[in-house]
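What follows is the residue order along each chain.
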Amino acid sequence: MNTIPGRRTRILAAITATAGMMLAAACTSTDDGGSGSKTAAGGVELVKAGQLTTCTHLPYPPFQSEIDGKVQGFDVSLVDLVAEDLGVKQEILDTPFENFKTGAFLNSGECDLAAAGMTITEERKKNVDFSAPYFDATQAVLVDKKAGVTSLADVKSKNVKLGAQAQTTGEDYVKKQGFDPVSFESSDAVLNGLRTGQVKAVVIDYPVVQGWLKDKATADSFEVVDNLNTGEQYGFTVKKGNSELVQAINKALADAKADGTYKKLYEQWIGPYDAAAASPSAS
C-alpha cells in the first residue's frame, strides 16, 4: 500500500469496545508533567498517557475504515480489547503503509502498535515484533464477469490486465507468478480501477473482497474466480523489544477466543466464522 506524497497524518478516534471503560485505571501517578502516568496495567509503557496509540492505513475494510466519522473494523475492535485490558482508550493514527514495514512510527515513538491487516513475514520481523497471529488470510482473484476468465492462470493466458494493491503480499505473489500488475495505492483504488475498466481482474485479500461483494451492484458486475491459499497470517506489530505490549496483545487475543468475543467480532466484520481462524499456528 503506497500513500500520496505529502499526505497529512490524521488522528482519528476509534470506537471503544466497552462504552463504560474507565480511564482512571491507567493513571497511577504523575511522571509526565501531571497528565498521568505513561505506565499502564501490566507495566506496559505507552507513548502517551491514558491512551493506546495505534498506527493504521486507511481505508482497508473490513479491518479498518472510517464509518460514520469513526474508524471501525475487525482490527480496531480487537485492539480495543487490548486497550480495555490496559485501562486506557485507543487512538488511531492514519499513516503511510511503507512505515509498517520499517517500523518507523513505532521507533519514533508516535505509536504503540500498528494494526493494518498486516501479514507476518520474516522480512518484516527484522524491523518490528509481531503479536501472535490473529487471522488466516487468503488472496482472492476478483474479475469482471465480462472478461471471460475463470482462474488466475486464465487471467495470465488470456493476457487480461491485472491489478493489485501496492506493497502488499498480494502484489508480491502475482509478480512472482510472472504478472506485471497495475499498482493501486489503496484498496478503494483497486476497486475503482476494476469498476472503471482500468483493469479487468484484481488480486487482493479475500475478506476485503467479501466486503465489496455485499454491495449488489458490485456483485452483479464482478465475481471471485480463484482463491489463493498463500499461507498468510495477520499480526499486530510493536517496536522491537517491547515484550510487555506483545504479551498484553496476546493475552487479549487469547481471552477473546476463549470467551467467544473473537467469534462474535469475526462474524460482525468478516462473515461466517471459520473455526480454524480461532487458533492459527505461527507461520
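For the structure itself, look to the data block above.
Definitions and limits used
Residues numbered from 1 in each chain as written. Predicted model: local features only at pLDDT ≥ 70, side-chain atom pairs only at ≥ 80, totals over all residues. Heavy atoms only, no water. Pairing = 2+ DSSP bridges. Helix = DSSP H or I, 4+ residues; strand = E, 2+ residues; numbered from the N terminus. Axes fitted to C-alpha atoms, helices over the stretch in contact; angles between N-to-C directions. Buried < 20%, exposed > 50% of the residue type's maximum accessible area, 1.4 Å probe, protein only. Arc of directions from axis to C-beta. Contact = heavy atoms within 4.5 Å. 1 Å grid on protein atoms, 1.4 Å probe; cavity = no way out; pocket = protein on both sides within 12 Å on 5 of 7 lines; lining within 4 Å. Points joined across faces, edges and corners; volume = space filled by probe spheres on them. Salt bridge = Lys/Arg side-chain N within 4 Å of Asp/Glu carboxyl O. Nonpolar A, V, L, I, M, F, W, Y, C, P; charged D, E, K, R; others polar.

A. Local environment of the sheet that holds strand E8 (residues 135-144). Read from one edge of the open sheet, five strands run E10-E9-E11-E8-E12, paired in mixed fashion. The open sheet has two free edges, formed respectively by strand E10 (182-184) and strand E12 (222-234), since each of these has just one partner strand. Direction aside, neighbouring strands of the sheet carry axes that sit 25° apart on average. When strand E9 (residues 162-165) meets E10, the two strands line up parallel, connected through three bridges.

B. Region of the structure containing helix H11 (residues 261-269). What H11 keeps buried is the set Tyr262, Leu265, Tyr266 and Trp269. One side of H11 carries all its buried residues, which in axial view fall inside an arc of 105°. Tucked into the core, H11 has its buried residues touching strand E3 (65-67), strand E4 (70-72), helix H1 (74-86), E8 and helix H10 (243-259). Of the residues trailing H11, Gly271 is marked for its positive phi of about 140°.

C. Local environment of the layout of surface pockets. Roughly 250 Å³ of volume is contained in the largest pocket. For the lining of the largest pocket, the elements supplying multiple residues, two or more each, are helix H4 (122-125), helix H6 (169-176) and E12. At four residues, the largest contribution of residues to the lining of the largest pocket is made by H6.

D. Molecular detail of the pattern of salt bridges. Taken as a whole, this structure holds 11 salt bridges when the rule is applied. Here Lys125 ties to Glu122 by a salt bridge, and the two come within 3.2 Å at their closest N and O atoms. With Lys125 and Glu122 both in helix H4 and three residues apart, this pair spans about one turn of that helix. You can call Lys125 partly exposed: its relative accessible area is 30%. The partner of Lys216 in a salt bridge is Asp220, and the shortest N-O contact between them spans 2.8 Å. Pair noted here: Lys216 and Asp220 are both in helix H9 (residues 216-221), with a separation of four residues, about one helical turn. Classification of Lys216 by relative accessible area gives exposed; the value is 61%.

E. Here's a closer look at helix H7 (residues 187-195). Among the residues of H7, those classed as buried are Ser187, Ala189, Val190, Leu191, Gly193 and Leu194. Backbone geometry just after H7 places Gly197 at a positive phi near 85°.

F. Spotlight on the pairing of strand E5 (residues 89-94). Within E5, five of the six residues are buried, which leaves the element mostly enclosed by the surrounding structure. Of the strand pairs in this sheet, strand E2 (residues 51-56) and E5 are connected by six bridges, and their pairing is parallel. Of the residues in E5, the one forming a bridge with Leu52 is Gln90.

G. Region of interest: empty space enclosed by the protein. What the rule picks out here adds up to three cavities of 30 Å³ or more. In this structure, the largest cavity encloses a volume near 100 Å³. Breaking the lining of the largest cavity down by element, the ones donating at least two residues are H6, strand E11 (201-205) and E12. When the residues that make up the lining of the largest cavity are grouped by side-chain class, the tally is five nonpolar, seven polar and three charged. Of the volumes computed, that of the second largest cavity is approximately 50 Å³. For the second largest cavity, the full set of lining residues is Cys55, Thr95, Asn99, Phe100, Gly103, Ala104, Phe105, Leu106, Ala114, Val128 and Thr237. Put simply, the parts of the chain that give the lining of the second largest cavity at least two residues each are helix H2 (98-102) and helix H3 (104-107).

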